[in-house]
Amino acid sequence: MLEVRWHGRGGQGAVTSVELLALAAIGEGRFAQGFPSFGPERRGAPVAAFNRVDEKRIRRRCVIASPDVVVVLDESLIGLVNVTDGLKPDGVLVVNTSRTAAEIRKALNYKGRLAMVDASAIAVQELGTPITNTTMLGALIRATKVVKLASVAAPLEHRFGRIAPRNQKALQRAYEEVKIH
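Residues numbered from 1 in each chain as written. Predicted model: local features only at pLDDT ≥ 70, side-chain atom pairs only at ≥ 80, totals over all residues. Heavy atoms only, no water.

Considerations on the overall build of the protein chain
What counts is decided by this rule: Runs of H or I in DSSP of at least four residues are treated as helices and runs of E of at least two as strands, each being numbered from the N terminus. Type-normalised accessible area, obtained with a 1.4 Å probe on protein chains alone, sets the label of each residue: buried when under 20%, exposed when over 50%, and partly exposed for intermediate values. The criterion used for residue contact is that any of the two residues' heavy atoms lie within 4.5 Å.
Scanning the protein chain for helices and strands turns up 6 helices and 7 strands. Counted from the first residue to the last, the protein chain has its helices and strands arranged as β-α-β-β-β-β-α-β-α-α-α-α-β. Along the three orthogonal principal directions, the C-alpha set of the protein chain runs to about 40 × 40 × 35 Å. In the protein chain, buried positions account for 52% of the 181 residues. For the protein chain, the proportion of contacts with a sequence separation of at least 24, taken over those separated by at least 6, is 62%.

Below, the structure written as structure tokens:
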């Protein structure tokens, strides 16, 4: 089973990313869960969301404490939230950043596998807004191969309607531009 924890801010689309990933996995005939973890937070407050994807039925219903993957939608959370907390030693950290790998590793005291993409820049260029949810989903897919990139097309179309092609382009660019260290 692959377990993913997403860190973002309210309004950035972490919950939407979780939903899209779960629907893509289900569309491939696998089992998936996607759920948020937040209370009365307001727009801009730190939030977390979670995915589980497996070949067999998933019976767990608890928060993911030891994820295989952590996705950081907003690099301003680094230092504010312990984004690497519980990340498995062989896991991967996927970060939206324009900083270097050395800078991220130093800021987090992190030595593991790292995938980085400037999702904010891609989102502004492709969507006209710095909402990085679909962009970071593309980076996650490239770093983990959790689903096929094409499997996200139908959930994107359903969720975003007429603006789905722009989101698909942002997702594709992040998939192509992510650097894995």
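So that's the structure; there's more coming.
Comments concerning the sheet that holds strand β5 (residues 92-96)
Put simply, the test is: Think of it this way: DSSP has to see at least two bridges between two strands before they count as a pair.
Taken together, 7 strands build an open sheet; the order of strands is β2-β3-β1-β4-β5-β6-β7 and the sheet is mixed. In this open sheet, the two edge strands, each paired with only one partner strand, are β2 (31-37) and β7 (179-180). For strand β1 (residues 2-9) and strand β3 (residues 46-54), the ladder comprises 8 bridges, and the chain directions are antiparallel. Within β3, the position partnered with H7 by the bridge is A48.

Quick look at helix α6 (residues 164-177)
Residues separated by three or four positions in an α-helix point in the same direction, a consequence of the helix having 3.6 residues per turn. Under the convention used in this document: To estimate how far a helix should extend, the number of its residues minus one is multiplied by 1.5 Å.
The terminal C-alpha atoms of α6 lie 20 Å apart, and with 14 residues this matches the ideal 20 Å at 1.5 Å per residue to within 8%. Burial in α6 covers these residues: A164, N167, A170, L171, R173 and A174. Close packing links the buried residues of α6 with β6 (113-117), α3 (119-127), α4 (133-144) and α5 (153-160).

Regarding the packing of α4 against α6
Relative placement of two packed helices is described by the angle separating their axes and the distance separating the axes. Short version of the rule: Where helices are involved, their axes are fitted lines through C-alpha atoms of the stretch in contact, as for all axes, and angles between N-to-C directions lie from 0 to 180°. Oblique is the label for every angle not falling under 35 degrees (roughly parallel), over 145 degrees (roughly antiparallel), or within 65 to 115 degrees (roughly perpendicular). Whether a crossing is left-handed or right-handed is set by the direction in which the near helix is turned from the far one by less than a right angle, anticlockwise for left-handed and clockwise for right-handed. For this classification, the nonpolar set comprises Ala, Val, Leu, Ile, Met, Phe, Trp, Tyr, Cys and Pro, the charged set comprises Asp, Glu, Lys and Arg, and every other residue, Gly included, is treated as polar.
Two elements in contact, α4 and α6, have axes separated by 7 Å at closest approach and are oriented at 40 degrees. Between α4 and α6, the angle falls in the class oblique. In this structure, the crossing between α4 and α6 has a hand that is right-handed. For the pair α4 and α6, the contacting residues are T134, T135, L137, G138, A139, I141 and R142 in the first and N167, A170, L171, A174, Y175 and E176 in the second. Split by residue class, the contact of α4 with α6 holds 7 nonpolar, 4 polar and 2 charged.

Some remarks on the side chain of T135
Considering the arrangement of structural elements, one finds T135 in helix α4. For T135, a relative accessible area of 0% gives the class buried. Contacts of T135, omitting those with residues within four sequence positions, involve A119, I122, A123, A170, L171 and A174.

Re the packing of aromatic side chains
Rules: The rule is short: rings of Phe, Tyr and Trp, with Trp giving its six-membered ring, pair when the centres are within 6.5 Å, and they are stacked under 30 degrees, edge-to-face over 60, tilted in between. Definition used: whenever NZ (Lys) or CZ (Arg) falls within 6 Å of the ring centre and also within 35 degrees of the ring normal, the charge is taken to sit over that ring.
Evaluation of the coordinates by the stated rule reveals 1 aromatic pair. When the centroid spacing of 5.3 Å and the interplanar angle of 25 degrees are considered together, the rings of F35 and F50 count as stacked. On the criterion of sequence distance, the pair formed by F35 in strand β2 and F50 in strand β3 is long-range, its members being 15 residues apart. You'll find F35 and F50 in the same group, each marked buried. For R142, the ring lying beneath its charged end belongs to Y175, and the centroid distance is 5.4 Å.

Re the nonpolar core
As a reminder of what qualifies: Among buried residues, those of type Ala, Val, Leu, Ile, Met, Phe, Trp, Tyr and Cys that are joined through side-chain atoms within 4.5 Å constitute a nonpolar core.
In this structure, W6, V71, V94 and L137 are the most contacted members of the largest nonpolar core, which totals 42 residues. A per-element tally of this core places helix α1 (residues 14-27) first, with 7 residues. Residues in contact with V94, not counting those within four places in the same chain, are V69, V70, V71, V72, A115, M136, A139, L140 and A143. The next biggest cluster of nonpolar side chains, apart from the first, holds 13 residues, and it includes V83, L87, V95 and Y110.

Keep in mind these values describe shape, not function.
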